[in-house]
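Examination of the molecular architecture
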Amino acid sequence: MRNTTSPTRFATLAAGAAAVLLALAACSTTGGGGYSAPGSGASTPSSPSGSSGISAVALKTGSTTLGTVVVDGKGLTAYVFDKDTAGSGMSVCSGQCATQWPAIETGSAHPTVQGVTGTVGTITGVDGKKQVTLDGHPLYTYAGDSSAGDVTGQGFGGIWWVVGPDGAKITSSSSTPSSGGGYTK
C-alpha cells in the first residue's frame, strides 16, 4: 500500500525547518550591534563588517544597576582587578583568570572611546594583544555577564570592580556578588 501523505509530510517538515532557520537568523547578532550608549540617540555597530571581532569603539558608557559605567564596544561591563598595579604596563590576570575575566582588547594603540573621561591607553596583554587600560588599570569583562547592563562580577572576591567613566572603580554593590566561576587568586 502506498503512503499518500509522504509529500505533504515532507513539505510540512521543510516549511518548519525553514521557519526555524529564519528565526535563528533574525535572533543572531555580531556581538551586540544593537546596543546604544546612553545619550547617543542611535545604535552603534560594535564591529564593522569584515573585522576580526575587535570592536571599532573600544570603550563607551552604559547604564547598569550601579549607574553609568564603562563598557566595551559590545556593551559588556568593564572591570578592574585589584591585583593589577596601575601604570605598571602589565596585567597579572592569566590562565584561568584570563578565561573568566577576558581582557578588553583593541587593534589600535589609540583606542576609540565614547563618553569615557579617564585616560585611555593600551598595554601588551598576557596573550600578546593590545589590552585597553583606563587610568593605567588594565580592563576586563566577566564571563558571567552575558548581556549589556549585567554587573554580576561586581565585588567578586573583594578584588573585581566595575569602573566609572572617569576611571574610578565603583565599590558599591547592587546585590551580593556571584559565588561561583570567578577568579580571586
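Please read all numbers here as calculations on a predicted model, not as lab measurements. (Residues numbered from 1 in each chain as written. Predicted model: local features only at pLDDT ≥ 70, side-chain atom pairs only at ≥ 80, totals over all residues. Heavy atoms only, no water.)

1. A few points about the nonpolar core
Inside soluble globular proteins, nonpolar side chains tend to come together where they are buried. Y79, F81, C93, W101, W160 and V162 are the most contacted members of the largest nonpolar core, which has 16 residues in total. Of all hydrophobic cores here, the second largest spans twelve residues; its members include A58, V116, V132 and V163. (Core = buried A, V, L, I, M, F, W, Y, C linked by side-chain atoms within 4.5 Å. Buried < 20%, exposed > 50% of the residue type's maximum accessible area, 1.4 Å probe, protein only.)

2. Comments concerning unusual backbone geometry
In this structure, D135 is a non-glycine residue whose phi angle is positive, near 50°. Structurally, D135 can be placed in the loop between β7 (130–134) and β8 (137–138). Judged by relative accessible area, D135 falls into the partly exposed class, the value being 33%. (Helix = DSSP H or I, 4+ residues; strand = E, 2+ residues; numbered from the N terminus.)

3. Quick word on the pairing of strand β9 (residues 160–163)
Two strands pair when backbone bridges link them, and strand β3 (residues 79–81) and β9 are joined in this way by three bridges, in the antiparallel orientation. Residue F81 lies in a different strand from β9, and its bridge partner there is W160. From the end of β9 to the start of strand β10 (residues 169–170), which pair antiparallel, there are five residues, and G167 there has a positive phi angle of about 95°. (Pairing = 2+ DSSP bridges.)

4. Focus on the side chain of S91
Within the element layout of this structure, S91 appears in the loop between β3 and α2 (96–100). In terms of polar contacts, S91 uses its side chain to reach the backbone amide nitrogen of C93, at 3.1 Å. Of the polar contacts made by the side chain of S91, one reaches the side chain of Y140; its length is 2.6 Å. Setting aside residues up to four positions removed in sequence, S91 forms contacts with D84, I123, V126, Q131, P138 and Y140. (Polar contact = N/O pair within 3.5 Å; in protein donor to acceptor, adjacent residues only side chain to side chain. Contact = heavy atoms within 4.5 Å.)

5. Side note on the sheet that holds strand β2 (residues 67–72)
An order of β2-β1-β5 is seen for the three strands of this open sheet, with the pairing classed as mixed. In the strand order of this sheet, the two ends are held by β2 and β5 (112–113), each with one partner. In this sheet, β5 lies alongside strand β1 (residues 57–64) in parallel orientation, the contact comprising two bridges. Counterpart to L59 in the pairing with β5 is V113.

6. Some details on the confidence of the model for the protein chain
Summing up the model confidence of the protein chain, the mean pLDDT is 76 and the portion of residues at 70 or higher is 64%. Segment residues 9–53 is flagged for pLDDT under 50; beyond a separation of four residues in sequence, or across chains, it makes 38 contacts in the model. Across residues 175–185, confidence stays below pLDDT 50; counting only partners more than four residues off in sequence or on other chains, it has 27 contacts. (pLDDT = per-residue confidence, 0-100.)

7. Section: the side chain of T133
Structurally, T133 can be placed in strand β7. Sequence-distant contacts of T133, defined by excluding residues within four places in its chain, comprise T119, V120, G121, T122, I123, P138 and L139.

8. Brief notes about the packing of aromatic side chains
Inspection of every chain in the model, using the stated rule, returns eight aromatic pairs. Relative to F156, the ring of W101 has its centre 6.4 Å away and its plane inclined at 55°; by these criteria the two rings are tilted. Of the two residues, W101 sits in the loop between α2 and β4 (105–106) while F156 sits in the loop between β8 and β9, which places them 55 residues apart along the sequence. The pair W101 / F156 is uniform in exposure class, with both members buried. With a centroid separation of 5.3 Å and an interplanar angle of 85°, the aromatic rings of Y140 and W160 are classed as edge-to-face. Of the two residues, Y140 sits in the loop between β8 and β9 while W160 sits in strand β9, which places them 20 residues apart along the sequence. Like W160, Y140 is buried. (Phe/Tyr/Trp six-rings, centres within 6.5 Å; stacked < 30°, edge-to-face > 60°.)

9. Concerning the sheet that holds β9
The strand order across the open sheet formed by three strands is β3-β9-β10, and the pairing between neighbours is antiparallel. Edge strands, defined here as strands with exactly one partner in the open sheet, are β3 and β10. When β9 meets β10, the two strands line up antiparallel, connected through two bridges. Within β10, the residue paired with V163 across the bridge is K169.

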